[in-house]
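Listed below are the residues making up each chain.
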Amino acid sequence: AMTVKADVSFGPADGIVRVIAWMRRSEFGSIKLCFDILMVTLAVESSLIMFHGLDEVREGTVVAMLLIGPLVRMLTRWMHAEPEIRNDSDQGSTGS
């Protein structure tokens, strides 16, 4: 939520979430929850296929998956920090 408010760089996963939220005109936290569920589901399936068990996906992963999105949604509402995608060309160019 702090990086959303500060409008600083995001990691690759959060950058994808930010663009999807902007394109769908949805809240960042809602899309983050869906994205996290998708990623954990893929991790569970991969673990089951490759290791024949849940060796790499534990309870902390599931708890984080369920809590991070709603927590970000709550904090962005509280901080009035819904992200906006800016187009750098809108800010004017400083040509040489």
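Data block above holds the structure.
The notes below deal with the structure included here. Given the structure is predicted, the values throughout are model-derived calculations rather than measurements.

Remarks on the nonpolar core
So, step 1. Within the largest apolar cluster, seven residues are counted, these being Phe 10, Val 17, Ala 21, Phe 28, Ile 31, Phe 35 and Val 72.
So, step 2. When contributions to this core are tallied by element, the ones reaching two or more residues are helix H2 (12-24) and helix H3 (28-51).
So, step 3. The greatest single-element share of this core, amounting to three residues, is contributed by H3.

Considerations on the side chain of Lys 32
So, step 1. With respect to the helices and strands, Lys 32 occurs in helix H3.
So, step 2. Note on Lys 32: relative accessible area 12%, which makes it buried.
So, step 3. Look past the residues within four positions of Lys 32 in its chain and what remains in contact with it is Asp 14, Val 17, Ile 68 and Gly 69.

Let's talk about the environment of Val 40
So, step 1. In this structure, Val 40 sits in helix H3.
So, step 2. Given the relative accessible area of 12%, Val 40 is considered buried.
So, step 3. As a C-alpha pair, Val 40 and Met 65 span 25 residues in sequence and 7.3 Å in three-dimensional space.
So, step 4. Every residue in contact with Val 40, bar those within four places of it in the chain, is listed here: Thr 61 and Met 65.

Quick look at the pattern of salt bridges
So, step 1. Applying the stated rule across the entire model yields three salt bridges.
So, step 2. Between Asp 14 and Lys 32 there is a salt bridge, with its nearest N and O atoms 3.1 Å apart. Here Asp 14, found in helix H2, pairs with Lys 32, found in helix H3; they are 18 residues apart in sequence, far enough to count as distant.
So, step 3. Note that Lys 32 and Asp 36 form a salt bridge whose closest N and O atoms lie 3.3 Å from each other. Here Asp 36 and Lys 32 lie together in helix H3, a separation of four residues that amounts to about one turn. With respect to class, Lys 32 is no different from Asp 36; both count as buried.

Calculation notes
- Think of each chain on its own: its residues are numbered from 1, step by step along the sequence as written.
- Owing to the predicted nature of the model, reporting of local features is limited to residues with pLDDT of at least 70; listing and counting of side-chain atom pairs is limited to 80 or more, with chain, interface and lining totals taken over all residues.
- Note that the side-chain values use all heavy atoms of the structure and ignore hydrogens as well as water.
- Put simply, buried Ala, Val, Leu, Ile, Met, Phe, Trp, Tyr and Cys residues joined by side-chain atoms within 4.5 Å make one nonpolar core.
- Throughout this description, buried means an accessible area under 20% of the type-specific maximum (1.4 Å probe, protein chains only), exposed means over 50%, and partly exposed covers the range between.
- Secondary structure elements are defined from DSSP: runs of H or I of at least 4 residues count as helices, runs of E of at least 2 residues count as strands, and each element is numbered from the N terminus.
- Note on contacts: a residue pair qualifies if any of its non-hydrogen atoms lie within 4.5 Å across the two residues.
- For salt bridges, the criterion is a side-chain nitrogen of Lys or Arg within 4 Å of an Asp or Glu carboxyl oxygen.

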